Amino acid sequence: MNGTIHPAAPHHLPVFITAPGDTDVLMVIMAVFLLVAVLAVGLLFLRLHTLPERIAHRSHKLQFEIVAVLGLLALFTHMHIFWVLGLLLALIDIPDFGTPLRRMARALERLSGMAPEEDAVGATAEPDRGSSLPESRPTLVVPAEGEGDAIERPAAVASAQKERANA
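This section reports on the structure supplied with the text.

Rules used throughout
- Residues numbered from 1 in each chain as written.
- Predicted model: local features only at pLDDT ≥ 70, side-chain atom pairs only at ≥ 80, totals over all residues.
- Heavy atoms only, no water.
- Helix = DSSP H or I, 4+ residues; strand = E, 2+ residues; numbered from the N terminus.
- Buried < 20%, exposed > 50% of the residue type's maximum accessible area, 1.4 Å probe, protein only.
- Contact = heavy atoms within 4.5 Å.
- Areas by Shrake-Rupley, 256 points an atom, 1.4 Å probe, with all protein chains shown as cover.
- Expected span 1.5 Å × (residues − 1).
- Arc of directions from axis to C-beta.

## Overview of the overall build of the chain
Then, number 1: Helix and strand counts for the chain come out as 6 helices and 2 strands.
Then, number 2: The buried share among the 167 residues of the chain stands at 13%.
Then, number 3: A separation threshold of at least 6 residues defines the contact pool for the chain, and within that pool the share at least 24 residues apart is 28%.
Then, number 4: Carbon and sulfur atoms provide 68% of the accessible area of the chain, an area that totals close to 13,700 Å².

Laid out in structure tokens, this is it:
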């Protein structure tokens, strides 16, 4: 075949029309653009789809697992109501009633002299760090006045007695 133009064709052809046997540059550019566009839209969709889960995870919500399950249900069932419910649940602060009740129960157990109950994992519950019970205070061994025996007293009482004795 020769490279001459057909006599019926216009003499001023657009740039995107190629000669027979040449590479169609516009088609290659459009194929790359289409591939990049499909990947970008897919990543945007997945990023938007995981928005409720990321919100719940970032703010350390108690209902994080429920939001994650609703997101998976929305992804696999294509029912957008699950995504909307997950987003609403991620934005709402549900009060934590369990922690204060557990702390009260542990404090009552200590006050009554009962051994603390074991948690579900099998370890005993840890005492509160800010407890004002005598067991959690540091103690000093100070000899009692007039006696040679040493007794244990809270550190604040022992230091107050020393100050009074020095004064």
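Next, the rest of the story.
## Things to note about unusual backbone geometry
Most peptide bonds are trans, and most residues other than glycine sit at a negative phi.
Then, number 1: Phi is positive for H78, close to 60°, though the residue is something other than glycine.
Then, number 2: Note that H78 resides in the loop between helix 3 (64-77) and helix 4 (80-91).

## Some remarks on helix 4
Then, number 1: With 12 residues, helix 4 extends 17 Å between its outermost C-alpha atoms, agreeing within 8% with the 16 Å of an ideal straight helix rising 1.5 Å per residue.
Then, number 2: Within helix 4 the residues assigned to the buried category are G86, L87, L89 and A90. The buried residues of helix 4 occupy one face: seen down the axis, they fall within an arc of 165°. Opposite its buried face, helix 4 presents the exposed residues H80 and L91, each directed more than 90 degrees away.
Then, number 3: Those residues of helix 4 that are buried lie in contact with helix 2 (51-58) and helix 3.

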